[in-house]
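Here are the chains, one letter per residue:
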Amino acid sequence: MWINIDSRNRTAGDNSRYTYHLLAPKKVSSFQVRSVAIPRCFYNVTATNNRIDFDEGGVELNGTIAVGLYDATSILAAVKTGMDAVSGTTYTITVSAVTGMMTFVPAVGVCSLHWSSGANTLINASEILGFRSSGAVQAPDVAAAGTITSPLPIELNPEKYIFLKFSVASSSGMLSQRDSSEVMAIPVNVGAYEDIFYEINEAVVFHSSSDGREVSDFEIQLCYANHAAVDLRGRSFGINMVWN
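Residues numbered from 1 in each chain as written. Predicted model: local features only at pLDDT ≥ 70, side-chain atom pairs only at ≥ 80, totals over all residues. Heavy atoms only, no water.

**Brief notes about the overall build of the protein chain**
Logical step 1: When you go through the protein chain residue by residue, the secondary structure sums to one helix and 18 strands.
Logical step 2: The proportion of buried residues among the 244 residues of the protein chain is 47%.
Logical step 3: Put simply, 72% of the contacts in the protein chain that link residues at least 6 apart link residues at least 24 apart.
Logical step 4: Summed over all atoms, the accessible surface of the protein chain reaches about 11700 Å², with 53% contributed by carbon and sulfur. (Helix = DSSP H or I, 4+ residues; strand = E, 2+ residues; numbered from the N terminus. Buried < 20%, exposed > 50% of the residue type's maximum accessible area, 1.4 Å probe, protein only. Contact = heavy atoms within 4.5 Å. Areas by Shrake-Rupley, 256 points an atom, 1.4 Å probe, with all protein chains shown as cover.)

Set out below in structure tokens:
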């Protein structure tokens, strides 16, 4: 039997974490989640990765990229705006169509980037701007120069996966969840504005007793690796599943 669970039809919670209540309990022995449809509306630049600490030969300056959803074009203006707002000059920000690397050029003088020594080391934009590889602890500082180019392509999908947490309630308690941390990893490998449709081809996710149990509720959450909820900004997401 197929069932579609849409966050708009939730009983409690919000679009990222919610409870879905069946109109009548169903006797079920196993489940498979077969596909997930998620709108690509969650931000790739947040308050956790949007700071640029730099200097132009004097005190440290602290630029901020506005929180938002960016592609390789829109990020250029956002970086420029954030740096110009605190700078004594203006910046030209470009990305190579060939290498994907970002270049910073101040209109006057030189600048240096304080990725590892700046005031906002833990929340800086080094990864998304191409200065830190995924998984690295931190990018090194960049010495003063009239032109600075990132060593890596920009990375506007800093979260490679989002995670679907899924639990099922029955009249006699919770059904057992699969062993792999009780989550499904969903790759975020689309463009900045492309919705995610992920088809899942794997073993049964949930098992009940051999004679089945009456299922009454599903509890569902989308989160990042650090367990923070994915903010869908009011949009809904859906799950297609089959049960026996």
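From this point, the discussion proceeds with the structure in view.
**What to know about the pattern of salt bridges**
Logical step 1: One pass over the full model with this rule turns up five salt bridges.
Logical step 2: The partner of Arg-8 in a salt bridge is Asp-6, and the shortest N-O contact between them spans 2.8 Å.
Logical step 3: Judged by relative accessible area, which is 10%, Asp-6 ranks as buried.
Logical step 4: Taking the shortest distance from any N to any O, the salt bridge between Glu-127 and Lys-160 comes out at 3.8 Å. Remark: Lys-160 occurs in the loop between strand S11 (148-153) and strand S12 (161-170) and Glu-127 occurs in the loop between strand S9 (111-113) and strand S10 (142-145); sequence separation between them is 33 residues.
Logical step 5: Judged by relative accessible area, which is 12%, Glu-127 ranks as buried.
Logical step 6: Members of the salt-bridge network, linked through shared partners, are Glu-127, Arg-132, Glu-155 and Lys-160. (Salt bridge = Lys/Arg side-chain N within 4 Å of Asp/Glu carboxyl O.)

**Topic: the packing of aromatic side chains**
Logical step 1: The full count for this structure, using the stated rule, is six aromatic pairs.
Logical step 2: Taking 6.4 Å as the distance between ring centres and 45 degrees as the angle between the ring planes, the aromatic pair formed by Tyr-20 and Phe-218 counts as tilted. Within this pair, whereas Tyr-20 is found in strand S3 (residues 17-28), its partner Phe-218 is found in strand S17 (residues 213-223), the two being separated by 198 residues in sequence.
Logical step 3: On the basis of relative accessible area, Phe-218 is assigned to the buried category, the value being 0%.
Logical step 4: Considering the side-chain rings of Phe-104 and Phe-131, the 5.8 Å spacing of their centres and the 55 degrees angle between planes classify their relative orientation as tilted. (Phe/Tyr/Trp six-rings, centres within 6.5 Å; stacked < 30°, edge-to-face > 60°.)

**Details of the sheet that holds S10**
Logical step 1: Taken together, four strands build an open sheet; the order of strands is S6-S5-S9-S10 and the sheet is antiparallel. Whereas interior strands pair on both sides, the edge strands pair on one side only; in this sheet they are strand S6 (61-64) and S10. Strand-to-strand, the axes of this sheet are offset by a mean angle of 25 degrees, without reference to chain direction.
Logical step 2: Pairing between strand S5 (residues 51-55) and S9: two bridges, direction antiparallel. Its bridge partner being in S9, Asp-55 is matched across the sheet by Ser-112. (Pairing = 2+ DSSP bridges. Axes fitted to C-alpha atoms, helices over the stretch in contact; angles between N-to-C directions.)

**Looking at the nonpolar core**
Logical step 1: Counting 32 residues, the largest nonpolar core has Ile-38, Phe-42, Ile-162, Leu-164, Phe-218, Ile-220 and Phe-237 as its most contacted members.
Logical step 2: Of all the elements in the fold, those that place two or more residues in this core are strand S1 (2-6), S3, strand S4 (30-38), S12, strand S14 (183-187), S17 and strand S18 (238-243).
Logical step 3: When near neighbours in sequence (up to four residues on either side) are disregarded, Phe-218 contacts Ile-3, Ile-5, Tyr-18, Thr-19, Tyr-20, Leu-22, Phe-31, Phe-166, Ser-167, Val-168, Met-241 and Trp-243.
Logical step 4: With 26 residues, the next largest nonpolar core counts Met-102, Leu-113, Trp-115 and Ala-125 among its residues. (Core = buried A, V, L, I, M, F, W, Y, C linked by side-chain atoms within 4.5 Å.)

**Here's the deal with the sheet that holds strand S7 (residues 91-95)**
Logical step 1: A sheet is described by the order of its strands in space; here three strands give the open sequence S7-S8-S11, paired in antiparallel fashion. Looking along the sheet, the strands with just one partner apiece sit at the ends: S7 and S11. In this sheet, adjacent strand axes meet at a mean angle of 15 degrees when their direction is disregarded.
Logical step 2: Bridge count for strand S8 (residues 101-106) against S11 is three bridges, and the pairing is antiparallel. Paired with Thr-103 across the strands is Thr-149, a residue of S11.
Logical step 3: The sheet strands contacting helix H1 (residues 74-84) are S7 and S8, and the helix crosses S7 at an angle near 155 degrees.

**Re H1**
Logical step 1: The complete set of buried residues in H1 reads Ile-75, Leu-76, Ala-78, Val-79, Gly-82 and Met-83.
Logical step 2: On its buried face, H1 is in contact with S5, S6, S7 and S8.

**Section: unusual backbone geometry**
Logical step 1: At Arg-233, a position not held by glycine, the phi torsion is positive, near 50 degrees.
Logical step 2: In this structure, Arg-233 sits in the loop between S17 and S18.

Interpretation in functional terms is not warranted from these geometric data alone.
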